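The residues making up each chain are set out below.
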Amino acid sequence: MSCYTVLKQCRVCGSPALRYSGFGLPKMPMANRFERGGVNHTTRPVAPLTVLVCMSCGHSQLREQVNPHLLFDDYVYTTGTSASFRAHFIAYAKWLRERVGGPVPRSLEIGSNDGMLMEAMVKEGFDAFGVEPSYQLVDNCRGRNLKVSHASFDTDFARDFIRANSRVHVVTANNVLAHVENLHEVLNAAAAVLMPGGLLALEVQNLDKLFEGGLFDMVYAEHRDYHTGWSWAILFALHGFVFTEHLDVPTHGGSLRIIGRLKKSGDSPEDVHRRFFPHVDPYATLIRWELLAGHMRRTSAELKDALKSFNNVVIYGAPAKLTSLMYGLGIAEDLCFKYVIDDSPTKQYSHTPGGHLPVYSREAVNHVDLHLPKPDAVLIGAWNVADDIVPRIRELFGAKVPIIVPLPKVVVL
């Protein structure tokens, strides 16, 4: 039985006018599905990744829609392992507090993950709530006295939340709205749980930055959608929100922060949403995806050329994008890779998706019983936080070990 369904209509506007973009990745395992207790190749769910463009509204999205239980019930990505992300959330919470009045405003985070933003919101004076579908992450947050519900965010949850807690001043969703199964259901729920005039604060991967940086490894099964500001202009107009602010932020190679206000009685009916962003030309988007496919082929050749000089390569960082990088470039089974180091305890002492490489902590490298080989080069898997990782590599393996950064372009440090 297939682990995915095939998309028949646009996830934003509902049009059936979907066209293959010219960009796709081969069948691969779920990018955050790390394997424990032995590697079982016969039961591993795999799916291709085929990007479609809506010829009506220009929105980019995956054709293969994987069952969300496979993606998120045992989700292992956490934000707190990156110092840059912790700093980002601290600054973001302060930024939001400047825009949300009241002595103790209430906030609700969709996909609260390990609670890093919630903790920052509490320190800024918010009565912070979260909702998260991963059992493991919810238990982690509750152990730190954070108010997190184990659930998917939908209108049923919104009704129960209002009954128990009242409406909130702000709803946040940070790099999760590419993941959700039904965008319209989530926006309906956000509108329900917000008080009139409340703010919806979103951060989403910016498709323009993905194209500009050649960041093809951002395509994986959890990312059902590849957003532009224009797609959010359409969604806000459909669900009763008006734009108040937007800006570029550097996370994940370039994201959009978009703030919408829920309409309230007396608001002008004038549709001002679409003044914020230019209309997306579907044909231009098709060309950009085709160019990205060409860039991926060139990167494959360049990275293989950089790796051929080394026999023992260790990978530092095992984000979801590493799976797309390895399968997209055809290096998943490269014999030069020996193991992976990751700073997240949820990934350590497992195998990477696909079962090819064991994942260890930094401390394990020097453990005498493991006999892990010292690398003659290190590939950074989490290239978007390379500034955090390079000092750790130097401390672990010395100042002279070559470090390979695969994207936005192949560089050997």
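Residues numbered from 1 in each chain as written. Predicted model: local features only at pLDDT ≥ 70, side-chain atom pairs only at ≥ 80, totals over all residues. Heavy atoms only, no water.

### Some remarks on the sheet that holds strand 17 (residues 358-360)
Then, number 1: Within the open sheet, the 7 strands sit side by side as 16-17-15-14-18-19-20. Their pairing is mixed. The sheet terminates laterally at strand 16 (350-351) and strand 20 (411-412), the two strands that pair on one side only.
Then, number 2: On top of the sheet, helix 11 (residues 386-397) reaches strand 14 (313-316), strand 15 (337-341), strand 18 (377-380) and strand 19 (403-405); it is set at about 160° to strand 18, its chief contact. (Pairing = 2+ DSSP bridges. Helix = DSSP H or I, 4+ residues; strand = E, 2+ residues; numbered from the N terminus. Contact = heavy atoms within 4.5 Å. Axes fitted to C-alpha atoms, helices over the stretch in contact; angles between N-to-C directions.)

### Some details on the packing of aromatic side chains
Then, number 1: Under the definition given, this model contains 13 aromatic pairs.
Then, number 2: Taking 5.5 Å as the distance between ring centres and 40° as the angle between the ring planes, the aromatic pair formed by Phe-23 and Trp-289 counts as tilted. Here Phe-23, found in strand 2 (residues 18-29), pairs with Trp-289, found in helix 9 (residues 282-307); they are 266 residues apart in sequence, far enough to count as distant. Accessibility assignment for this pair places Phe-23 and Trp-289 in one class, buried.
Then, number 3: With 5.2 Å between their ring centres and 90° between their planes, Phe-129 and Phe-161 make a pair best called edge-to-face. Placement of Phe-129 in strand 7 (residues 127-132) and of Phe-161 in helix 5 (residues 155-165) is noted, with a sequence separation of 32 residues between them.
Then, number 4: Taking relative accessible area as the criterion, Phe-129 reaches 9% and is therefore assigned buried.
Then, number 5: The ring of Phe-129 has Lys-147 sitting right over it, with the charged end atom 4.5 Å from the ring centre.
Then, number 6: Above the plane of the ring of Trp-383 lies Lys-321, whose end atom (NZ or CZ) is 5.6 Å from the centre. (Phe/Tyr/Trp six-rings, centres within 6.5 Å; stacked < 30°, edge-to-face > 60°. Buried < 20%, exposed > 50% of the residue type's maximum accessible area, 1.4 Å probe, protein only. Lys NZ or Arg CZ within 6 Å of the ring centre and 35° of its normal.)

### Quick look at the pairing of strand 15
Then, number 1: Summarising burial for strand 15: 4 of the 5 residues are buried, a large majority.
Then, number 2: Sheet analysis places strand 14 next to strand 15, joined by 4 bridges and oriented parallel. The residue bridging Val-313 from the neighbouring strand is Phe-337, located in strand 15.
Then, number 3: Of the crossover connections in this fold, the one passing from strand 14 over helix 10 (residues 320-328) to the parallel strand 15 is right-handed.
Then, number 4: Judged from the 2 bridges that link them, strand 15 and strand 17 form a sheet pairing that is parallel. Bridging from a neighbouring strand, Val-340 pairs with Val-359 of strand 17. (Right-handed = clockwise from strand over helix to strand, strands pointing away.)

### Digging into the side chain of Arg-11
Then, number 1: On the secondary structure map, Arg-11 appears in the loop between strand 1 (4-6) and strand 2.
Then, number 2: Classification of Arg-11 by relative accessible area gives buried; the value is 8%.
Then, number 3: In this structure the side chain of Arg-11 is engaged in a polar contact, spanning 3.4 Å, whose partner is the side chain of Gln-65.
Then, number 4: At 2.6 Å, the side chain of Arg-11 forms a polar contact with the side chain of Asp-225.
Then, number 5: Residues contacting Arg-11, with those up to four places away along its chain left out, are Gln-61, Gln-65, Val-180, Glu-181, Asn-182, Leu-183, His-184, Arg-224 and Asp-225. (Polar contact = N/O pair within 3.5 Å; in protein donor to acceptor, adjacent residues only side chain to side chain.)

### Concerning the sheet that holds strand 3 (residues 46-54)
Two orientations exist for strands paired in a sheet by backbone hydrogen bonds: parallel and antiparallel.
Then, number 1: On the basis of which strands lie adjacent, the open sheet formed by 4 strands has the order 2-3-4-11 and antiparallel pairing. The open sheet has two free edges, formed respectively by strand 2 and strand 11 (225-226), since each of these has just one partner strand.
Then, number 2: Two strands pair when backbone bridges link them, and strand 3 and strand 4 (residues 60-62) are joined in this way by 3 bridges, in the antiparallel orientation. For Val-51, the partnering residue across the bridge sits in strand 4 and is Leu-62.
Then, number 3: Lying on the sheet, helix 9 is in contact with strand 2, strand 3, strand 4 and strand 11; it crosses strand 2 at an angle near 35°.

### Concerning the pattern of salt bridges
Two side chains carrying opposite charge are able to pair once their charged atoms lie near each other.
Then, number 1: Counted by the stated rule, this structure contains 15 salt bridges.
Then, number 2: Of the charged contacts in the structure, one is a salt bridge between Asp-160 and Arg-163, with a shortest N-O distance of 3.0 Å. A residue pair is termed a helical-turn pair when its members lie 3 or 4 positions apart in one helix, as Asp-160 and Arg-163 do in helix 5 at 3 residues.
Then, number 3: By relative accessible area, Asp-160 is classed as partly exposed at 38%.
Then, number 4: Lys-209 is paired through a salt bridge with Glu-212; the nearest N and O atoms lie 3.6 Å apart. Here Lys-209 and its partner Glu-212 are both found in helix 7 (residues 207-213), 3 residues apart, which amounts to about one turn of the helix.
Then, number 5: On the basis of relative accessibility, which here comes to 30%, the residue Lys-209 falls in the partly exposed class.
Then, number 6: Shared partners join several salt bridges into a network, and the residues in it are Asp-156, Arg-159, Asp-160 and Arg-163. (Salt bridge = Lys/Arg side-chain N within 4 Å of Asp/Glu carboxyl O.)

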